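Below, each chain spelled out in residue letters.
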Amino acid sequence: MNEPTRVWMRPPWGCGEPKEVEATPEILSPLMTAGWSQCEPPATEEEVTTNVHD
Amino acid sequence: MSTTRLQEVLVCFGKKKQADIATAQVAADMWRFSKLNAALANPKLATENDAEEYGKGHEFPTATFKTAWDVGATLEKYLSAEIGAWAVAFALGKVVKSGAGPYVYTCTPLMPAAGDAAELPYLSYVEQIRPGAGVVLDRQAVGMAVEGFQITVGSGPGRANSKISVELVGSGKVIDTATGITMPAATTEKLLPSASLTLSINGVDYVTNKNIVSLETGWKNNIRMDAGFFPGSGFQTPGDGSTGAIRGRLEFGNRVGNLKFVARFMNGSDEYTKLKAQTTGTAVVTLAYDANNSLQLTWQQVTYSVVEIAETDQILTVAVECLPMYHVTNGILTAVGKTVVDAICS
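Everything numeric here is computed off the predicted structure, so don't read it as measured data.

Draft legend 1. Representation of unusual backbone geometry in the model. All names here are of chain B. Cis geometry marks the peptide bond from glycine 101 to proline 102; its omega dihedral reads 5 degrees. In this structure, arginine 130 takes a positive phi of about 50 degrees despite not being glycine. With respect to the helices and strands, the residue arginine 130 is situated in the loop between β8 (123–129) and β9 (137–153). For arginine 130, a relative accessible area of 26% corresponds to the partly exposed category.

Draft legend 2. Representation of the environment of lysine 16 of chain B in the model. Position of lysine 16 of chain B among the secondary structure elements: in the loop between β1 (10–14) and β2 (30–33). Among residues more than four places away in sequence, those in contact with lysine 16 of chain B are Gln25, Asp29, Phe90, Tyr122, Leu123, Ala343, Cys345 and Ser346 of chain B.

Draft legend 3. Geometry of the interface of chain A and chain B. Facing the 19 residues of chain A at the interface are 26 residues of chain B. Taken together, chain A and chain B are joined by zero salt bridges. No other element matches helix α1 (residues 25–33) of chain A, which puts six residues into the side of chain A that touches chain B. Classifying every residue of the side of chain A that touches chain B by side-chain character gives 12 nonpolar, seven polar and no charged.

Draft legend 4. The nonpolar core, seen in detail. Residues and elements named next belong to chain B. By size, the foremost hydrophobic cluster in this structure holds 67 residues, and its most contacted members are Phe13, Trp86, Tyr125, Phe149 and Ile201. Considering every element that reaches this core, the biggest residue donor is helix α1 (residues 81–92), with 10 residues. The residues touching isoleucine 201, leaving out its near neighbours within four places in the chain, are Tyr206, Leu259, Phe261, Thr282, Ala283, Val302, Tyr304 and Cys322. Core analysis: the next-biggest nonpolar cluster, separate from the first, contains 10 residues, Ile21, Leu110, Leu120 and Ala145 among them.

Draft legend 5. Representation of the packing of aromatic side chains. Summed over the entire model, instances satisfying the criterion amount to eight aromatic pairs over all chains. The interplanar angle of 15 degrees and the centroid separation of 5.5 Å between the aromatic rings of phenylalanine 13 of chain B and phenylalanine 33 of chain B together place this pair among those described as stacked. In this pair, phenylalanine 13 of chain B is assigned in strand β1 and phenylalanine 33 of chain B in strand β2, connecting sequence segments 20 residues apart. Given a relative accessible area of 0%, phenylalanine 13 of chain B falls into the buried group. Of the residues examined, phenylalanine 33 of chain B reaches a relative accessible area of 5% and is grouped as buried. In textbook terms, an aromatic cluster arises when at least three aromatic residues are bridged by ring pairs, as seen for Phe13, Trp31, Phe33, Trp86, Phe90 and Tyr125 of chain B. Between the NZ or CZ atom of lysine 19 of chain A and the centre of the ring of tryptophan 36 of chain A, over which it lies, the distance is 4.9 Å. Cation over ring: arginine 255 of chain B sits above phenylalanine 252 of chain B, and NZ or CZ is 3.9 Å from the ring centre.

Draft legend 6. Spotlight on α1 of chain B. Residue and element names in this part refer to chain B. Relative to the 16 Å expected for 12 residues at 1.5 Å per residue, α1 spans 16 Å between its end C-alpha atoms, a close match to the ideal helical length. A large share of α1 lies buried, amounting to 12 of its 12 residues. Turning to α1, its buried residues are Ala81, Glu82, Ile83, Gly84, Ala85, Trp86, Ala87, Val88, Ala89, Phe90, Ala91 and Leu92. Count one or two residues on from α1 and you reach glycine 93, which has phi positive near 100 degrees.

Draft legend 7. A look at the side chain of glutamine 18 of chain B. All names here are of chain B. Considering the arrangement of structural elements, one finds glutamine 18 in the loop between β1 and β2. Within the local environment of glutamine 18, its side chain forms a polar contact with the backbone oxygen of threonine 23, the two atoms lying 3.2 Å apart. Here the side chain of glutamine 18 touches serine 124 through a polar contact of 2.7 Å, side chain to side chain. With residues up to four places along the chain from it excluded, the contact list for glutamine 18 reads Thr23, Gln25, Tyr122, Leu123, Ser124, Val142 and Gly143.

Draft legend 8. Here's a closer look at the pairing of strand β17 (residues 315–324) of chain B. Residues and elements named next belong to chain B. By the bridge criterion, six bridges tie strand β14 (residues 256–264) to β17 in an arrangement that is antiparallel. Its bridge partner lying in β17, leucine 259 is registered against cysteine 322. Inspection of the sheet shows strand β16 (residues 293–312) paired to β17 by 10 bridges, in the antiparallel sense. Opposite threonine 312, over in β17, you have isoleucine 315 as the bridge partner. With antiparallel pairing between neighbouring strands as the criterion, β16 and β17 make up a hairpin whose turn holds two residues, including aspartate 313 at a positive phi of roughly 50 degrees.

Conventions used here
- Residues numbered from 1 in each chain as written.
- Chains lettered and ligands numbered in written order.
- Predicted model: local features only at pLDDT ≥ 70, side-chain atom pairs only at ≥ 80, totals over all residues.
- Heavy atoms only, no water.
- Helix = DSSP H or I, 4+ residues; strand = E, 2+ residues; numbered from the N terminus.
- Buried < 20%, exposed > 50% of the residue type's maximum accessible area, 1.4 Å probe, protein only.
- Contact = heavy atoms within 4.5 Å.
- Salt bridge = Lys/Arg side-chain N within 4 Å of Asp/Glu carboxyl O.
- Nonpolar A, V, L, I, M, F, W, Y, C, P; charged D, E, K, R; others polar.
- Core = buried A, V, L, I, M, F, W, Y, C linked by side-chain atoms within 4.5 Å.
- Phe/Tyr/Trp six-rings, centres within 6.5 Å; stacked < 30°, edge-to-face > 60°.
- Lys NZ or Arg CZ within 6 Å of the ring centre and 35° of its normal.
- Expected span 1.5 Å × (residues − 1).
- Polar contact = N/O pair within 3.5 Å; in protein donor to acceptor, adjacent residues only side chain to side chain.
- Pairing = 2+ DSSP bridges.

Following this line, the structure appears as structure tokens:
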């Protein structure tokens with residue numbers, strides 16, 4: 001196997017925050033068995049500042 | 001008219017999964033393979049008649065009724081990284097893809113108790129003979145699911161010593177003429193030969209010991225076929241009750257894995273001791289073409305259920321049947337398919 005890459009996983013039942021883990025069978029097996037599923041990386045939210053000079 | 005020889009049959013099926021059980025796949029989402037078995041995916045129409053109904057004045061049938069459709073297929077192939085990754089992904093149902101080429105598909109069984117679906121991913125299965133102006137056969141079974149797979153690894157020099165058999169069952173929905181599918185180019189496969197095997201079972205490395213003779217391992221979903229026909233499951237032609245019912249779902253039943261092997265029986269062989277002690281451990285089966293193409297099955301906890309001293313070609317051997325068990329943390333089976341092919345079961 002090549003060096004492991006990382007994947008994003010979301011918790012079962014849609015509860016909780018996604019987390020990024022190493023994509024090795026040793027790490028993925030317990031998560032997948034417990035209901036975690038692969039998901040897209042969370043969108044990075046840019047801070048929106050109201051322009052008070054308008 | 002020229003005779004049609006079965007070697008002409010072309011088969012392609014979903015590399016990706018269908019959007020849902022009733023939505024047929026397009027060619028771009030499918031891939032084409034050769035196969036070893038001659039059996040075709042013949043649709044079966046169940047019919048009834050009115051012979052036993054009263055009020056006709058006689059006991060003979062006067063009318064028939066199309067009641068339901070069924071279709072199934074079996075793929076027998078030399079084991080390759082491509083078909084191996086595809087089989088474990090569609091048979092187990094839960095897939096995590098990693099890497100950017102080669103791609104690693106880590107697959108585990110769906111766990112409804114943990115919020116997973118009870119339906120496996122669906123795919124279309126297409127058979128064609130002489131597509132085009134001289135078409136002999138052109139049909140597409142829609143809403144197929146993998147009922148199970150069986151991998152066999154044996155001793156000997158030929159490709160037949162590493163094979164996979166995949167059984168598919170279907171919703172019954174069939175496009176039986178003019179599918180519109182242009183058969184994709186044949187998939188180039190990376191074979192996973194018997195000589196590449198690495199095998200560790202219950203703490204013993206059977207390849208390093210040069211003891212392994214053969215092994216067989218697989219998975220069966222026991223899909224609840226009758227439960228697919230529920231009120232409202234649909235018809236072959238949507239909205240036309242005279243065309244026969246089709247299944248609206250394919251849910252797995254009580255799933256079961258299997259692993260058995262034959263090894264040379266040597267001084268110090270401890271299979272019988274482990275049977276009596278009901279010792280548990282992992283079983284890891286790995287076959288590889290190269291660093292970018294492989295298949296690894298890890299049974300997270302097995303114990304021996306049958307151990308028999310026997311002979312193979314007049315050499316003393318031990319035949320062992322394992323009982324795959326559920327490990328409290330790691331589950332029952334983790335299958336890792338590695339291939340340069342992207343988007344399997346996506």
